[in-house]
Amino acid sequence: MAFNKIKPPISLSILILFGLILLLLQLMSSATQESSELSAMYSWLLLVNALGSVVLLGLVGANIYSLARQLKKREAGSRLTTRMVSLFVVLALAPAVIVFYFSMQFLHQGIDSWFNVEIDRAMEDALELSQASLDQRMRWHLRQTQQLAGRLADSPETLVTLEMENLRELSGASEMTLFSRQGRIIASSSINPGDILPSLPDEHIWLQLRRNTEFVALAPVREDELMIRVIVTVKTREPQYLQALYPVPVRIADLADSVEFAFVRYQEMNFLRDSLKLSFSLTLSLVLLMSLLAAIWVAFISIRNIIAPVKALVKGTQAVASGHYDQELPVIAQDDLGFLVESFNEMTHRIARASDETRMAGIEVENQRAYLETILANLTAGVISFDTVYKIRTANQAAYRIFHVHVNQFVGRTLLELMQSYAELAEPLKSIQRLVEQADDIWQQRIAFLGANGRQELLCRGTPLFSQEGHRVGAVVVFDDVTDLIQAQKNAAWGEVARRLAHEIKNPLTPIQLSAERLQHKLADKLSDVDAGMLQRSTATIVQQVEAMKEMVDDFSEYAKPSKKQTVDIDLPGLVQEVLALYVLKSGVKFKADYDMGLLKIKGDPVSIRQVLHNLIKNALEASGDKGLIEISLHRVQKNSTDFIEIALYDDGPGIKDEQIERIFEPYVTTKAKGTGLGLAIVKKIIEEHGGAIWVDTSRRVGAGFIIQLPACNF
Amino acid sequence: MLKKIFLSVGLCGILLLLPAFGFAEGFGVEVKNAEFVLHGDSYVLSADMDYRLSDRAKDALQNGVPLYWDMHIKALQHRDYFWDKTLVSAVIRYRIQYHALLNMYRVRNEGSGAVSNFSTLSAALDSMSTLRNYRVMDKADYVPGESYAVGIKVTLDRDALPLPLRPVAYTNPQWYLSSDWTLWPLTK
């Protein structure tokens with residue numbers, strides 16, 4: 001951040017860069033003008049510009065390389081950068097290349113158009129004309145000098161100097177010199193008296209002179225002055241050379257000079273034509289290359305700057321997507337992107353807040369759910385909920401307790417599946433399943449079954465669950481183990497009956513009996529024997545029946561009062577043996593006993609259990625008559641992972657009718673001519689009080705069979 | 001006689017660099033021999049050079065392009081601990097140009113302004129190729145015990161060429177006409 005503050009604004013740097021490039025290019029372009037002072041720097045400028053291009057190329061290359069790496073790494077924003085840069089390069093390149101192409105075309109055609117055959121010829125002709133004009137003048141001066149030489153040859157030797165002065169003035173020569181054959185100056189005359197030393201011909205001229213006897217040539221005296229140098233042989237006794245220097249008229253010299261200058265210039269340009277094209281092309285190419293490269297580089301920088309917030313946004317979005325909502329992106333510019341970044345920040349704030357709220361709500365709901373679950377778990381009633389296909393969704397602890405099935409066996413299975421694993425639960429589960437499937441409203445049903453702890457009675461209430469649209473989404477069943485409750489109710493009811501019987505029936509019996517005995521006692525003496533005998537029999541019957549009634553009432557109160565007075569460990573084989581011993585001696589019935597090996601013990605009240613055995617054996621004896629077979633067996637069985645002792649008792653009597661089987665254990669139901677009908681009811685009551693069960697073994701075809709199961713006592 | 005007055009010094013060309021490959025092609029400037037002697041109170045330099053122009057250079061000259069030649073002369077005092085001290089550094093600049101009207105080659109000494117015309121190119125080049133008794137340093141400047149060196153080098157001033165020709169001149173070997181430094185140690 002601090003670094004960014006120190007850095008000059010990027011736009012300023014770019015401006016400076018462009019200014020520099022423009023300056024360089026302008027300098028180079030100015031240097032192209034021959035007359036410019038910068039001309040001398042042209043090569044340097046060219047080199048600097050080329051170096052600048054190389055540096056820019058390097059920068060662009062580095063940028064492309066880094067972009068390629070980012071692309072390879074699939075970094076955020078790299079693809080957008082690539083697209084923007086490509087677009088920019090194409091947009092910048094296309095017009096630049098087109099302009100470049102046409103510029104080159106124009107340049108080449110323009111340069112070529114300077115030169116053509118006509119101008120070529122005209123130039124050459126002009127030069128030739130100048131040369132011809134000068135030639136003519138030279139020839140004329142040669143002739144003139146030859147004449148002068150002739151006159152000089154005629155003049156006496158002593159007057160040569162004087163004659164020459166005359167001749168010089170006559171001919172208009174600026175200087176006239178007479179050389180000996182060896183090159184020695186014999187006489188000299190000059191228009192300028194100050195010139196003591198005449199202009200001397202050089203060795204080349206001497207060489208030419210010896211070959212040709214005469215010499216004529218243009219001699220540039222000084223830089224801008226032309227002379228015609230004529231040397232002829234003076235035919236005297238000893239050959240001499242006369243040199244005359246004629247000035248070329250200034251006007252002609254100027255014209256010749258001008259023609260020559262133009263010709264040379266043209267010639268030079270013609271010669272440089274290709275170089276000119278090359279150098280212009282080079283300059284143009286450099287300008288194009290440099291400005292393009294600079295533009296691309298700047299494009300890279302600016303696009304990177306533009307993309308930076310987008311990049312940050314992408315990263316921020318990824319972070320938000322992966323669940324980090326605490327994203328705060330820096331707002332760099334107050335433009336649309338800045339607005340976007342601000343909006344993003346606001347969005348993340350809101351998301352963070354919303355997610356916090358959601359989490360809080362989730363925690364709240366979870367707490368609520370846990371609370372409800374705690375309540376459900378601690379309910380004594382079992383609660384099972386089903387989904388649409390009657391699979392168990394939830395079940396509370398009480399449900400497991402009631403069914404004695406482990407928690408993880410329950411959930412996710414249907415009741416029918418459970419049935420296969422727990423055969424002893426088949427009956428209640430089947431009933432519940434049927435009720436759940438069929439019920440369209442709240443239902444209630446009492447279901448009894450033989451569970452792990454003996455007979456159990458459930459009070460089931462269920463209701464189908466409906467969604468708000470009215471679709472059936474499952475069901476819930478609540479059930480209570482009402483075994484104890486019902487037992488208590490029954491006991492209470494029978495106790496009340498017994499109490500009333502004792503009170504209402506037994507109380508009047510004693511006065512009845514006493515009154516009958518009193519009648520007998522008072523009237524026996526006063527009646528005749530016949531009448532007395534009849535009275536005797538009648539009172540005896542009354543007393544007898546009252547006795548019987550008393551006995552019946554006693555039996556009943558016996559049934560009504562709780563039998564499980566004290567619980568001790570009872571060794572069943574011993575007890576059975578003990579009871580059987582009483583009957584073996586009395587009757588002619590055969591007994592067959594069959595015991596399992598090992599401990600066969602239960603917890604219970606020995607008196608009550610003995611009574612159970614007595615009642616059952618009595619029934620059997622009565623059913624099988626004098627000669628019969630009574631089988632009794634004791635087995636240890638396992639049911640719902642609980643040990644039971646099973647007592648089976650069979651006789652070979654007439655058996656029990658099917659219609660009676662259902663009600664045989666209820667009070668006052670009997671098949672016997674005499675009897676209170678309480679025997680089996682008491683048996684059942686005692687067995688149930690001991691947590692056991694008794695039922696009629698219907699599989700037995702001969703005689704009657706009872707099966708008792710009592711929870712075994714484990715040590 | 002002269003040898004008694006002139007204290008001859010060893011002539012030994014030390015080439016700092018191999019001459020440009022122009023020489024292999026048969027063009028370029030070569031310093032053929034040089035003499036550095038005491039003449040009166042001064043040490044003077046005499047040298048002969050050989051100018052051989054490449055075809056392109058001849059072509060350019062023929063088409064009116066003036067060629068500028070710089071003859072660099074320098075005297076160095078050797079220092080063990082530092083780079084050599086330059087005592088004298090002089091440049092003699094010549095211009096050679098073809099005159100179409102006169103069909104002549106004109107050589108001009110840019111320093112003195114002396115102009116000479118030659119009808120042939122070789123004559124013109126010859127006029128530039130001799131250096132006679134160029135006064136380099138005074139006898140008084142000579143400190144016995146120190147070692148000195150004198151160098152000569154001829155360069156074609158490519159920056160004086162017409163502008164369009166310059167990029168070519170810097171890239172085309174035909175224009176690599178300059179000689180390298182030829183140095184002689186000056187010892188007593």
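Thresholds applied
- Residues numbered from 1 in each chain as written.
- Chains lettered and ligands numbered in written order.
- Predicted model: local features only at pLDDT ≥ 70, side-chain atom pairs only at ≥ 80, totals over all residues.
- Heavy atoms only, no water.
- Helix = DSSP H or I, 4+ residues; strand = E, 2+ residues; numbered from the N terminus.
- Rg over C-alpha atoms; globule rule 2.2 N^0.38 Å.
- Buried < 20%, exposed > 50% of the residue type's maximum accessible area, 1.4 Å probe, protein only.
- Contact = heavy atoms within 4.5 Å.
- Lys, Arg positive; Asp, Glu negative; His and termini not counted.
- Charge placed at Lys NZ, Arg CZ, Asp CG, Glu CD.
- pLDDT = per-residue confidence, 0-100.
- Polar contact = N/O pair within 3.5 Å; in protein donor to acceptor, adjacent residues only side chain to side chain.
- Buried area = accessible area lost by both parts, 1.4 Å probe.
- Salt bridge = Lys/Arg side-chain N within 4 Å of Asp/Glu carboxyl O.
- Nonpolar A, V, L, I, M, F, W, Y, C, P; charged D, E, K, R; others polar.

J.: Could you give an account of the overall build of chain A, naming the residues involved and the relevant values?
T.: Scanning chain A for helices and strands turns up 20 helices and 17 strands. Its C-alpha atoms give chain A a radius of gyration of 73 Å, clearly above 27 Å, the size a compact globule of 715 residues would have. If one aligns the C-alpha atoms of chain A with their principal axes, the spans along those axes are about 245 × 50 × 45 Å. Within the span of chain A, comprising 715 residues, buried residues form 40% of the whole. Expressed as a percentage of contacts within chain A between residues at least 6 apart in sequence, the contacts between residues at least 24 apart total 60%. Each charge class in chain A was averaged separately, 73 positive and 83 negative side chains, and the resulting centres sit 8 Å apart.

J.: Tell me what's going on with the overall build of chain B, and back it up with residues and numbers.
T.: Secondary structure summary: chain B contains five helices and 10 strands in total. Relative to its full complement of 188 residues, chain B shows a buried share of 51%.

J.: Which residues make up the confidence of the model for chain A, and what are the values?
T.: When pLDDT is averaged along chain A, the result is 82; 94% of the residues meet or exceed 70. Taken as a whole, residues 1-6 of chain A scores under 50 in pLDDT and shows zero contacts with residues more than four places along the chain or in a different chain.

J.: For the side chain of Ser171(A), give the residues involved together with the corresponding values.
T.: Residues and elements named next belong to chain A. In this fold, Ser 171 is placed in helix H6 (residues 160-171). Within the structure, Ser 171 has its side chain in polar contact with the backbone oxygen of Arg 168 (distance 3.2 Å). Apart from the residues within four sequence positions on either side, Ser 171 is in contact with Gln 144, Leu 148, Met 176 and Tyr 246.

J.: Outline the interface of chain B and chain A, listing residues and values.
T.: Facing the 26 residues of chain B at the interface are 30 residues of chain A. Of all residues in chain B, Leu101(B), Leu163(B) and Pro164(B) give up the largest surface area on contact with chain A, accounting jointly for 29% of the area buried on that side. One can count zero salt bridges joining chain B with chain A. Applying the counting rule to chain B against chain A returns seven residue pairs in polar contact (both at pLDDT 80 or more). Looking at the side of chain B that touches chain A, the elements with two or more residues in it are helix H3 (55-62), strand S5 (85-99), strand S6 (104-109), strand S7 (115-118) and helix H5 (165-171) of chain B. In terms of residue count, the dominant contributor to the side of chain B that touches chain A is H5(B) (five residues). The residue inventory of the side of chain B that touches chain A, partitioned by class, reads 15 nonpolar, four polar and seven charged.

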